[in-house]
Amino acid sequence: MKILEINYINFRNLIDRNVKFSPKINLFLGKNGQGKTSLIEAIYFSATGKSFRTSKNVDMIKHGKNKVGCYIEYEDRISKKNLSIKIDSLKKEYSSNRKKIPYDEFYGKVNVISFIPEDIELIVGTPAVRRKFFDGEISQGSEEYFKNLKEYNKLLKIRNKYLKEGNYKNEMFSIYQEEFIKYGARLIKKRLEYIKNISIILNLNYRKLFDNKKELSLKYSSFLGDIKKIDLKYIEDLFREKIKEEFFKEIRYGYSNVGPQKDDFLFLLDEREAKSFSSQGEKKSIIFSLKLSEIDMILKEKKENPIFLIDDVSSYFDSIRKENILEYLKKRDIQVIITSTDKMDIEAQIFYVKAGEIYENC
Ligand SMILES: Nc1ncnc2c1ncn2[C@@H]1O[C@H](COP(=O)(O)OP(=O)(O)O)[C@@H](O)[C@H]1O
Ligand SMILES: [Mg+2]
């Protein structure tokens, strides 16, 4: 999949314009504070409807304005298409080929993988950071997971309400609870499958690009304890058992103490948790390997490479490593959009970013 061009209006400090991309490597150079991250963010926003640096959409609107919009043209295996998104008076609107669509339909049409300095939070941050990330990634490749997740969150809210109000003897409670178990088990099963697959690729990528003497793996840590089989019925039964064990506590607390919203994903380097034992450099390499593995996962699920966005590459790697990585991506025919404060010795379409304006190097 390739993004051909973007148009943005009132996006942060960027001056409204149209930028056309090369299908290979695009390098945006500029000093700090010029708008490089904003440009990558605008692309990410156009593809996912979200920002990677704020949960408040209004932050993306240029100061002093009240709306923001982006339009992208892209090409997948089948044809050229376009997507647009706008926020106007706090309302978000999504369109595909100029027809309004709901978010569920918008999300997943254009697959992007981003790599930004803040991604280190995936290792050092809270379990909630990792859950949000993996839920998003699994959803990009599986519409079914996305729908199950939405349904599960709805059921979790309902169950919490019943528990909070002490209505657990109500016959509706047990009906909702069965649904809660059913959807929760589906999420856990899919997460386990995903982790199993990505963990192998993750290790291969890490060893190939960074350190062939270490083993990197990803492990799912569940409220259910050790899950011996990736089998729906088996997970549902474990879940039901766990509810029995925890039920008095849940009644006392007045909210759900069980479910995949409690689970975590652990990065292990040579069997030790990276969060506590890996060096800063190793953490960066682990995250980069993770992002490459996601590319492989998308390719497997969608039969198409996603677009790879890399922000501020100079803050991550030395120049030899940077060039190796880009050579590798180029060989795989992945479109890369990258920002850097320093020039790089690679074949790329070069742009300069200065005070929100983009200049092309012809
Ligand atoms: N909503 C906004 N409206 C206008 N300017 C903004 C907005 N949000 C951030 N900025 C400004 O945009 C500039 C560029 O930021 P950024 O894209 O992070 O730069 P870079 O990545 O090149 O260092 C910063 O000076 C920042 O203060
Ligand atoms: Mg930046």
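If you're wondering where the values come from, they're calculated on a predicted model, not measured in any experiment.

**Considering the overall build of the chain**
Of regular secondary structure, the chain possesses 10 helices and 15 strands. Here the chain has a C-alpha radius of gyration of 22 Å; the compact-globule value for 362 residues is 21 Å, and the two agree. Structurally, the chain occupies a C-alpha span of about 70 × 55 × 35 Å along its principal axes. Across the 362 residues that make up the chain, the buried fraction comes to 53%. Of the roughly 17600 Å² of accessible surface on the chain, 49% is carried by carbon and sulfur atoms.

**Some thoughts on helix α6 (residues 171-209)**
When the terminal C-alpha atoms of α6 are compared, their 56 Å separation across 39 residues agrees well with the 57 Å that a helix rising 1.5 Å per residue should span. Where α6 begins, the capping side chain belongs to N170, and its oxygen is found 2.8 Å from the backbone nitrogen of M172.

**Some thoughts on the site of ligand 1**
Surveying the vicinity of ligand 1 reveals 15 residues, the closest of which are G33, K36, T37, S38 and I61. For ligand 1, an oxygen atom lies 2.9 Å from a polar atom in the backbone of G35. Within the backbone of D59, a nitrogen or oxygen atom sits 3.0 Å from a nitrogen atom of ligand 1. Look at ligand 1: alone it shows 580 Å² of surface, and the protein chains cover 73% of it. Residues of the shell around ligand 1, tallied by class, amount to 1 nonpolar, 8 polar and 6 charged.

**Considering the environment of K182**
Note that K182 resides in helix α6. For the pair K182 and I310, spaced 128 residues apart in sequence, the C-alpha separation works out to 38 Å.

**Notes on the sheet that holds strand β12 (residues 307-310)**
Taken together, 6 strands build an open sheet; the order of strands is β8-β12-β13-β3-β14-β15 and the sheet is mixed. Unpaired on one side and paired on the other, β8 (112-115) and β15 (357-360) mark the two borders of the sheet. Mean inter-strand twist for the sheet, computed between neighbouring axes without regard to direction, equals 20°. In this sheet, β12 lies alongside β8 in parallel orientation, the contact comprising 4 bridges. Among the inter-strand pairings, I113 is bridged to a residue of β12, identified as F308.

**A word on the nonpolar core**
Side chains of nonpolar character tend, in soluble globular proteins, to be buried together. Among the nonpolar cores identified, the biggest contains 68 residues, and F267, F288, F308, I310, L329 and I338 are the most heavily contacted of them. By residue number, the principal contributor to this core is α6, which donates 14 residues. When we break this core down by domain, the ones giving at least three residues each are domain 1 (1-111 + 304-362) and domain 2 (117-302). Excluding residues within four positions of it along the chain, L329 makes contact with L292, F308, I310, I334 and V336. In terms of nonpolar packing, the next biggest core, distinct from the first, is built from 41 residues, L14, F21, I87 and I337 among them.

**A look at the domain arrangement of the chain**
Domains assigned within the chain are domain 1 (1-111 + 304-362) and domain 2 (117-302). Residue-level contacts link 22 residues of domain 1 with 21 residues of domain 2. Contact between domain 1 and domain 2 buries roughly 2100 Å² in total, counting both sides, with carbon and sulfur atoms accounting for 62%. Together, Y107, Y316 and Y328 form the three largest contributors to the area buried by domain 1 at its contact with domain 2, with a combined 27%.

About the thresholds
- Residues numbered from 1 in each chain as written.
- Chains lettered and ligands numbered in written order.
- Predicted model: local features only at pLDDT ≥ 70, side-chain atom pairs only at ≥ 80, totals over all residues.
- Heavy atoms only, no water.
- Helix = DSSP H or I, 4+ residues; strand = E, 2+ residues; numbered from the N terminus.
- Rg over C-alpha atoms; globule rule 2.2 N^0.38 Å.
- Buried < 20%, exposed > 50% of the residue type's maximum accessible area, 1.4 Å probe, protein only.
- Areas by Shrake-Rupley, 256 points an atom, 1.4 Å probe, with all protein chains shown as cover.
- Expected span 1.5 Å × (residues − 1).
- Polar contact = N/O pair within 3.5 Å; in protein donor to acceptor, adjacent residues only side chain to side chain.
- Near = heavy atom within 4 Å.
- Nonpolar A, V, L, I, M, F, W, Y, C, P; charged D, E, K, R; others polar.
- Pairing = 2+ DSSP bridges.
- Axes fitted to C-alpha atoms, helices over the stretch in contact; angles between N-to-C directions.
- Core = buried A, V, L, I, M, F, W, Y, C linked by side-chain atoms within 4.5 Å.
- Domains from an automatic or database assignment.
- Contact = heavy atoms within 4.5 Å.
- Buried area = accessible area lost by both parts, 1.4 Å probe.

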